[in-house]
Amino acid sequence: MREHIPRVVIVGGGFGGLAAAKALRKTPAQIVLIDRTNHHLFQPLLYQVATCLLGPAHIGSPIRGILGNQKNTTVIMGEVTGVDKDQRCVFVSDADRKGAPVSYDYLILATGARHSYFGHDEFEKFAPGLKGLADAVAIRNKILQAFEQAEGEEDPRRHRDLLTFVLVGAGPTGVELAGALTHLIRKTLRSEFRRIDPSTARIVLVDMGNRVLGSFSEDLSKAAKQQLEKLGVEVRLGHGVDQIDEDGVIVAGERILSKTVIWTAGVAPSPAGKWLNVETDRAGRVRIQKDLTLPGHHEIFVVGDTASLDQDGRPLAGVAQVAMQQGRYAGKQIHRNVTGQAPAGPFRYFDKGTMAVVGKGFAGLQTGKLHLSGLLAWLAWGAVHLEFLAQSNLRVSVFLQWVWTYLTDQRGSRLILNLHGSEGRTAAVYPHEVIVSGKSAPKAIGVADRVH
Ligand SMILES: Cc1cc2nc3c(=O)[nH]c(=O)nc-3n(C[C@H](O)[C@H](O)[C@H](O)COP(=O)(O)OP(=O)(O)OC[C@H]3O[C@@H](n4cnc5c(N)ncnc54)[C@H](O)[C@@H]3O)c2cc1C
């Protein structure tokens, strides 16, 4: 009789899934990693793609390439749509197959999160979020297109809404995007237009909380706000948006006219909780045990943004470090199990600190009792982000691009791309929907209507 080789199925090739796969590289098992995209994405630098500093290929790496030398691992591109815990299989769909079962002995779910509009899904049409590469390219197109439209507009009174950028959500994504946007607008684009002055563009950052970077200490959040204001960002705190539509937003009863509204607020976990039909927290994240498994299912691990685990009485944050450490732990636990070793003790997250960058040369860094803001924190931020990029070629190319931009203020990737096909169609203006859905362009939201 042939010996049964256990199969470990990992769903998701993000921070958690990839760390798990790497931890299993020497395990005498068949590892199958399934992701709906063909690439691992370094989400912390998405805002730099959206603001033209980096191109998509700087922060995305083919999963197959990363794991190419790992002989026990097979990578499958497909979308998991469900899990049968009793039959021990996941259901995978791709262009040819719908719900094909893939069996497992061990399962690691690392399917991350997507954006949440807090029950206002109608906002999505007017305020794209920043979660994947297609989103970042769509936002980049929208920003660049606004300047092109304004330059072509005969009536200068119409420039105001085109040159007003509203960011909804002042967490790390909103703050980093706002800072980078000021640099793009006030430095890179400054002298390239003749009818408009890009430096007059208005950037408004809105949040219902009373501080920017609410998860940071008060002193860092205050320093970040001051830095944003120094860069010319209008920071509007204490009120959420009441309305987002084709004309802009309404905040605390005031209409802010804007053709570019970007959603940088909440995220919601993947539907893993629904697939498993198990208890979730209020946000919908799967409640897991201290060894990261599902109660009653020692063979199913859930890690990263889609998992909910408390440590010292507080829920672990949805950040890359948590996902990576959990993925690594899950992989190692399975390795011990497969090789007949006793399981390790419970998972414990080691917090290495958090950082957020606010424009050129300024970041906030918080690790234990150390709170740092300014240039030193920015340098540390750069070093850490380079270190965690998935492949060494990316580290080199991102580093070179950063140095080039630092010295010259020029940006690497300023193309307005219609990934759908013929350039020059209105689709070029709204590739968000085009890229995401792959269908023909929906009706343009405002800007294109006014070209005729
Ligand atoms: C704009 C932005 C900026 C951020 N900045 C920071 C930062 O500065 N520092 C930090 O620590 N964290 C940051 N984060 C959070 C961090 O990126 C996440 O916490 C981390 O990615 C979570 O890892 P994960 O493995 O759980 O999920 P992800 O890395 O999101 O990976 C999930 C993977 O699962 C795949 N997937 C999802 N559903 C399915 C399915 N049904 N079938 C198949 N595959 C599927 C996805 O394609 C993806 O590859 C940021 C996030 C965003 C969006």
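Shown above is the structure to which this text applies.
Remember, it's a predicted structure, so these values are computed and weren't measured experimentally.

(A) Local environment of the overall build of the chain. The number of helices and strands found in the chain is 13 helices and 27 strands. Relative to the globule expectation of 22 Å for 452 residues, the C-alpha radius of gyration of the chain, 23 Å, shows essentially globular dimensions. Oriented by its inertia axes, the alpha-carbon framework of the chain measures out at about 80 × 50 × 45 Å. The long-range share in the chain, meaning contacts at least 24 apart out of those at least 6 apart in sequence, stands at 62%. In the form shown here, the chain has an accessible surface area of approximately 21100 Å², with 52% of it arising from carbon and sulfur atoms. Across the chain, the 53 positively charged side chains and the 44 negatively charged ones have centroids separated by 5 Å.

(B) How the structure looks around the pattern of salt bridges. Inspection of every chain in the model, using the stated rule, returns 15 salt bridges. Of the charged contacts, one joins Arg236 and Glu254 as a salt bridge, the two residues approaching to 2.5 Å between their closest N and O atoms. With a gap of 18 residues between them, Arg236 in strand β13 (residues 233-237) and Glu254 in strand β16 (residues 254-257) connect regions that are remote in the sequence. What makes Arg236 partly exposed here is its relative accessible area of 22%. Overall, Glu254 belongs to the partly exposed group, its relative accessible area being 34%. A network of salt bridges, in which partner residues are shared, links Arg202, Glu234, Arg236 and Glu254.

(C) Highlighting the nonpolar core. Among the nonpolar cores identified, the biggest contains 67 residues, and Leu45, Ile59, Phe147, Val212 and Leu228 are the most heavily contacted of them. It is helix α5 (residues 133-152) that provides the largest number of residues to this core, a total of nine residues. What Val212 contacts, discounting residues up to four positions off in sequence, is Ala170, Val175, Leu205, Ser221, Ala224, Lys225, Leu228, Val235 and Leu237. With 49 residues, the next largest nonpolar core counts Leu33, Ile63, Val92 and Leu316 among its residues.

(D) Summary view of a positive patch on the surface. Residues Arg25, Lys26, Arg328, Lys332 and Lys352 make up a contiguous surface patch of positive charge. Relative to the helices and strands, Lys26 is located in the loop between α1 (15-23) and β2 (30-35).

(E) Geometry of the site of the ligand. Around the ligand, the structure places 27 residues, and the nearest of them are Gly16, Asp35, Gln43, Val80 and Asp305. Interatomic distance of 2.8 Å between a backbone N/O atom of Gly16 and an oxygen atom of the ligand. Between Ala320 and the ligand, the recorded distance is 2.9 Å, taken from a backbone N or O atom to an oxygen atom. Considered on its own, the ligand offers 1000 Å² of accessible surface; in the complex 89% of this is hidden by protein. Secondary structure elements with two or more residues in the shell around the ligand: α1, β6 (79-84) and α10 (320-338). Among the residues making up the shell around the ligand, the classes are represented as 10 nonpolar, 12 polar and five charged.

(F) The layout of surface pockets, seen in detail. Of the volumes computed, that of the second largest pocket is approximately 430 Å³. Gln48, Leu53, Trp378, Trp381 and Trp402 are the residues nearest the centre of the second largest pocket, which is lined by 23 residues in total. Only α2 (46-50), α7 (172-188), α11 (375-388) and α12 (392-408) provide two or more residues apiece to the lining of the second largest pocket. Top contributing element to the lining of the second largest pocket by residue count: α11, with six residues. When grouped by side-chain class, the residues that make up the lining of the second largest pocket number 13 nonpolar, seven polar and three charged.

(G) Fine view of the sheet that holds strand β26 (residues 363-367). Overall, antiparallel pairing links the three strands, which are arranged β25-β26-β27 in an open sheet. With partners counted over all chains shown, the strands left at the sheet margins are β25 (354-357) and β27 (370-374), one partner each. With direction set aside, neighbouring strand axes in the sheet form an average angle of 5°. Where β26 and β27 come together, five bridges link them in antiparallel fashion. Its bridge partner lying in β27, Gly364 is registered against Ser373. Where helix α8 (residues 218-230) meets the sheet, its contacts fall on β26 and β27, and the angle it forms with β27 comes to roughly 5°.

(H) Region of the structure containing the pairing of β16. Relative to β16, strand β15 (residues 248-251) runs antiparallel, the two sharing four bridges. Within β16, the residue paired with Val249 across the bridge is Ile256. Hairpin connection, β15 to β16: the antiparallel pair is bridged by two residues, and Ala252 has positive phi, about 50°.

Definitions and cut-offs
Residues numbered from 1 in each chain as written. Predicted model: local features only at pLDDT ≥ 70, side-chain atom pairs only at ≥ 80, totals over all residues. Heavy atoms only, no water. Helix = DSSP H or I, 4+ residues; strand = E, 2+ residues; numbered from the N terminus. Rg over C-alpha atoms; globule rule 2.2 N^0.38 Å. Contact = heavy atoms within 4.5 Å. Areas by Shrake-Rupley, 256 points an atom, 1.4 Å probe, with all protein chains shown as cover. Lys, Arg positive; Asp, Glu negative; His and termini not counted. Charge placed at Lys NZ, Arg CZ, Asp CG, Glu CD. Salt bridge = Lys/Arg side-chain N within 4 Å of Asp/Glu carboxyl O. Buried < 20%, exposed > 50% of the residue type's maximum accessible area, 1.4 Å probe, protein only. Core = buried A, V, L, I, M, F, W, Y, C linked by side-chain atoms within 4.5 Å. Patch = residues over 30% accessible without salt bridge, like charges linked within 9 Å, V, L, I, M, F, W, Y side chains within 5 Å. Near = heavy atom within 4 Å. Polar contact = N/O pair within 3.5 Å; in protein donor to acceptor, adjacent residues only side chain to side chain. Nonpolar A, V, L, I, M, F, W, Y, C, P; charged D, E, K, R; others polar. 1 Å grid on protein atoms, 1.4 Å probe; cavity = no way out; pocket = protein on both sides within 12 Å on 5 of 7 lines; lining within 4 Å. Points joined across faces, edges and corners; volume = space filled by probe spheres on them. Pairing = 2+ DSSP bridges. Axes fitted to C-alpha atoms, helices over the stretch in contact; angles between N-to-C directions.

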